[in-house]
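Chains, contacts and geometry: an overview
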Amino acid sequence: MQFALPPADPPADLAALLPAGMAPALVTAAATAWARAPFLKGLIRSRGALLTDLAGAGPDAAMAAALAGLADPALPLAERLRRRRGDVALIVALADLAGIWPLEAVTAALSAFADAAIDAAIAGALAERGAPNRGLAALALGKLGSGELNYSSDVDLILIHDPDRIPCRPNEEPGEAAVRIARRAVALLSDLTPDGYVARVDLRLRPASEVTPMSIAVGAAEHYYQSEALTWERVAFIRARACAGDIALGQGFLDAIRPFVWRRSLDWTAVRDIQAVSLRIRDHFDAGQAIGPGYDLKRGRGGIREVEFFAQIHQLIWGGRDPALRVPATLDGLAALSAAGRIEPHEAAVLADSYRALRTLEHRLQMRRDEQTHMVPKLAADRAGVAALCGAPDWAGVERRLKAVTAPVGRAYDRLIAVAAPATPAVPTDAAAWLKARHPKQAKLLAPLLARWRGGGVRALRSDPARAAFEMVLPDLLQGIAAAADPAMAASRLDGFLAQLPAGAQFFALLEANPRLVGLLGNLLGVTPLLSDALARDPALFDIMLAPDAFAPLPDAAALAAELAGFVGDAGLETLLDRVRRWTGERRFQLGAQLVEGRADPLVVARSLSDLADAALAVVVPAVARDFAVGHGEVPGASVLVLAMGRYGGQALTHASDLDLVYLFGGDHQAMSVGPKPMAAAQYFNRLASRLTAALSVPTAAGALYDIDTRLRPWGAKGLLACSIESFARYHAEDADTWEQMALTRARVIGGTAAEQADASAAIGLALRRCRPEPALRAAVIAMRADIAAAKPPKGPFDVKLAPGGLVDLEFLVHFLQLRDGRALAADLRAAIAVLVADGLLPAAIAEAHDCLTRFLVVLRLAGTMPASPSPAVAAMFARALGCDAFATVQQRLTLAREAVRLAWERHLGSRRSDA
């Protein structure tokens, strides 16, 4: 893979920052970074002295100075750590891009800084208690443990302490003291401040991380790893080392558990265990397996993790008898295995070359925006930026090379894990020993549930066929609970799900015939009660997930309407409505499953949910109108129109959205219908609108189709349910309040004749484009937002709709500009923002903020309630949906999005509201 940059002259603004005499390779690296990596561009702008040091002494000396600067007492510790982190990020990036440092030097420098920073944070936390740096140790695992940290990585740590030496305050237990010290040290590293952060700290590799404290007593840790730990934990400790704090304490612990990691007997069982992990990874990240946009360099087939697992499996098998194989770094491990004759030298060399290429490309992805990402960008412009950082003229060349380096890795790893896993045994009647052997950590949780399910108390399991089918999938269900991020929650939801099932034979037979659905069921139970409850009410919803295109994007609204029309056929109204409800429910479930599995962009899902509603109305409105006409005929030259408003009008629905509708009709409101029971047009269309609302919202055996809200009609709840287009136009010209015209910016006409649609659109356009005094408009918008803030305060830290800087603020701001200037009058808020950005009225960051906040809202409405500390499974779902590797990154993006909205609000509407 090409990584040499072609010579490039710096632009004038960069040239003014670069010192004279800088090596041409560094100048080229700086010019490329300036053009293609916004994060690096910001560092270059702010670090003139560092650039001078780089030009004069080179990156090695600059790196040494940065590490030495960690001890500089002139700055507070938190600020000092963050400043030096920025220095190291720039030094490493330029040395890497310039080709001065190979991959091994790059990862060693990043790891050395992380070690020093973690040590400084622990020492600082202890110093606040007046204590020396002893009694608490940080064990590095993962890439930091092997000295192979990547450019924008988290650091995997396990913190241990000696209860006899940890400094305690009066009336403080050693465990409490250790947790407080650990929490302070982690905050020094990971809290986001105006100077950024130092490192994202991940403590989840510690024993039973969901229930254990941040720091574990060394004796308890030794007992766990010598008696209870699992194979994956053995694998993790291949790359473990004491990196910071009380190094002697950490090294002593590692020495004590060495027999657990390195067993003398040939450990072939590790192959099966890691095989299972690998296959789950490939399945879970299925969307990132194929080379191309979205390919996951870390988890994809032939990717970084498969090289690492390849080395680690062989090390586990042979390392117990050969200490020379006990090396933490992947490249060192491949070389040692080759030297010992455990793998072929040619294969070791190919894998090493592929690993260097993949890791270097990973760094190029991450250094552009300091993102913890491993995914090939989906946007062409972003791929072009990565290609430029690789020294390639375009992405196509990088992709060809990427295919070449991943193919041999995938083949080698396929051969290694081809050992067939034994068939999953049936769960015996006396399951205690079986559970203890297979799920030792969850045996106490699972045993009483299993007894209850088999005890006849669950309605869905009372028939012999249901019990037989259930027993066939039971091992996989139990495995899913045990493997869940929150096993207790997963078990509780599965128990509730089974209790709600009306019958079980067909459902469990479906799972037995399609094992991949068991995993999907586990995910649904773990993160979205909305979908799991829907599935419990109607297990047949799972059928939609068997389609080959179950995870493909839905077609557009017109194609969906045609599909639905074909599905309902010429059925009578009641049957038609039931079929519409079932079809829509299945499709909504499908979209929810795509979100849960991370297989769809929430923005695409929001549009598809709106398209589904359009399709449903395209079938239901004419059907109800025809049925109504049987008794009352039709009004000549007039038909019913629907204005889609709010999120529906803007084509950005969520799974929890109702439909905001306004009913209009064409023609003269005094005209009479022609039929057995004639009516005046006003009465006719109001009765028809009531029928439509009932058809769309009344629950039946197939469920309700949508909740309907008609309060945005003229005169609100006091007004008629339907009004003529003429009356609607007059109301908005003479009587409508500002808030009603703000709502009108998201109106979208559905149904009616082409002439009626044109008349309605003209009335909307006329109302929105009329002249408004800016001061009065601004005052009205600010007052309305304050009223909403008082009536509906935010519901927690993740209320991206109502919180200051959230979507309501953003919508009000856009509507203010639309009404003030009579421009960008698109119902689609995203499209309106694009026009306002192009016109220079809003910054580009607002478009990014809208997308970030909307993605989060779409997933939030699927997840339901969102506590301040979401479960790992829920946090992972949000991270996937927003394209982040960790929930902490999601939080950072939300913070940036809200800040962008806040600044734009202040620019156009003045000082913040009192609740800001």
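In this report, the structure presented in the accompanying data block is examined. Because the structure is predicted, anything quoted here is derived from the model rather than measured.

Bringing the packing of aromatic side chains into the picture now. Counted by the stated rule, this structure contains 13 aromatic pairs. Residues Y224 and Y225 carry aromatic rings whose centres are separated by 5.1 Å and whose planes lie at 90° to one another, so their mutual orientation is edge-to-face. Like Y224, the residue Y225 is buried in the burial classification. The interplanar angle of 90° and the centroid separation of 6.1 Å between the aromatic rings of W453 and F470 together place this pair among those described as edge-to-face. Of this pair, W453 sits in helix α19 (residues 443–454) while F470 sits in helix α20 (residues 464–483), placing them 17 residues apart in sequence. An identical accessibility class is assigned to W453 and F470; each is buried. An aromatic cluster of at least three residues, connected via ring pairs, comprises Y224, Y225, F237 and F253. Here the guanidinium or amino end of R85 rests over the ring plane of Y197, the centre of that ring lying 4.6 Å away.

Our focus in this paragraph is the pattern of salt bridges. Side chains that carry opposite charge are capable of pairing whenever their charged atoms lie near each other. Scanning the model with the defined rule gives 46 salt bridges in all. Note that K143 and E308 form a salt bridge whose closest N and O atoms lie 3.0 Å from each other. Pair noted here: K143 is in helix α7 (residues 142–145) and E308 is in helix α13 (residues 304–318), with a separation of 165 residues, a long-range link. Side by side, K143 and E308 carry an identical accessibility label, which is buried. R415 is the partner of E347 in a salt bridge, and the nearest nitrogen-oxygen pair spans 2.6 Å. Taken as a pair, E347 in helix α15 (residues 345–367) and R415 in helix α17 (residues 395–416) lie far apart in primary sequence, 68 residues in all. Through salt bridges with shared partners, a single ionic network connects E774, R778, R820, D821, R823 and D839.

Let's shift gears to helix α9 (residues 218–227). Of the positions making up α9, those classed as buried are V218, A221, Y224 and Y225. On an axial view of α9, the arc spanned by its buried residues comes to 125°, and they lie on one face.

Our next topic: empty space enclosed by the protein. Applying the stated criterion across every chain, the model contains four cavities of 30 Å³ or more. Looking at the largest cavity, its volume works out to about 180 Å³. Elements supplying a minimum of two residues to the lining of the largest cavity: α5 (77–97) and α6 (103–127). Of the residues belonging to the lining of the largest cavity, the class tally is 11 nonpolar, three polar and two charged.

Turning our eyes to something else, we now look at helix α4 (residues 48–68). Along its 21 residues, α4 runs just 18 Å from first to last C-alpha, ending more than 12% under the 30 Å computed at 1.5 Å per residue. Along α4, the sharpest change in direction is near 120° and occurs at G58; proline P59 comes one to four residues later. Check the buried side of α4 and you find it contacts α2 (24–36), α3 (38–46), α5 and α6.

Strand residues, when the strand is regular, have side chains that alternate between the two faces of the sheet. Within strand β1 (residues 136–141), six of the six residues are buried, which leaves it mostly tucked inside the rest of the structure. Where burial is concerned, the two faces of β1 agree: the one with L136, A138 and A140 and the one with A137, L139 and L141 are both buried. In this structure, β1 lies alongside strand β2 (residues 154–161), joined through six bridges in antiparallel fashion. Each bridged residue has a counterpart across the sheet, and for A140 the counterpart in β2 is L157. Sheet topology note: the β1/strand β5 (residues 241–245) ladder contains four bridges and is antiparallel. Paired with A138 across the two strands is A244, which belongs to β5.

In this model, N171 sits at a positive phi of 60°, which is unusual for a non-glycine residue. Within the secondary structure, N171 sits in the loop between β2 and α8 (174–190). Even without glycine at this site, W715 takes up a positive phi of about 65°. Here W715 is to be found in the loop between β8 (708–709) and β9 (722–724). Note on W715: relative accessible area 45%, which makes it partly exposed.

Turning to the layout of surface pockets, a few remarks are in order. If you add up the space inside the second largest pocket, you get close to 1,600 Å³. By residue class, the composition of the lining of the second largest pocket is 20 nonpolar, seven polar and 14 charged.

Checked against the element boundaries, V890 lands in helix α38 (residues 887–909). By relative accessible area, which is 0% here, V890 ends up buried. Taking C-alpha positions, V890 is 8.8 Å from C852, a pair spaced 38 residues apart along the chain.

About the cut-offs
Residues numbered from 1 in each chain as written. Predicted model: local features only at pLDDT ≥ 70, side-chain atom pairs only at ≥ 80, totals over all residues. Heavy atoms only, no water. Phe/Tyr/Trp six-rings, centres within 6.5 Å; stacked < 30°, edge-to-face > 60°. Buried < 20%, exposed > 50% of the residue type's maximum accessible area, 1.4 Å probe, protein only. Helix = DSSP H or I, 4+ residues; strand = E, 2+ residues; numbered from the N terminus. Lys NZ or Arg CZ within 6 Å of the ring centre and 35° of its normal. Salt bridge = Lys/Arg side-chain N within 4 Å of Asp/Glu carboxyl O. Arc of directions from axis to C-beta. 1 Å grid on protein atoms, 1.4 Å probe; cavity = no way out; pocket = protein on both sides within 12 Å on 5 of 7 lines; lining within 4 Å. Points joined across faces, edges and corners; volume = space filled by probe spheres on them. Nonpolar A, V, L, I, M, F, W, Y, C, P; charged D, E, K, R; others polar. Expected span 1.5 Å × (residues − 1). Bend = angle between axes of the 7 residues up to and from the residue. Contact = heavy atoms within 4.5 Å. Pairing = 2+ DSSP bridges.

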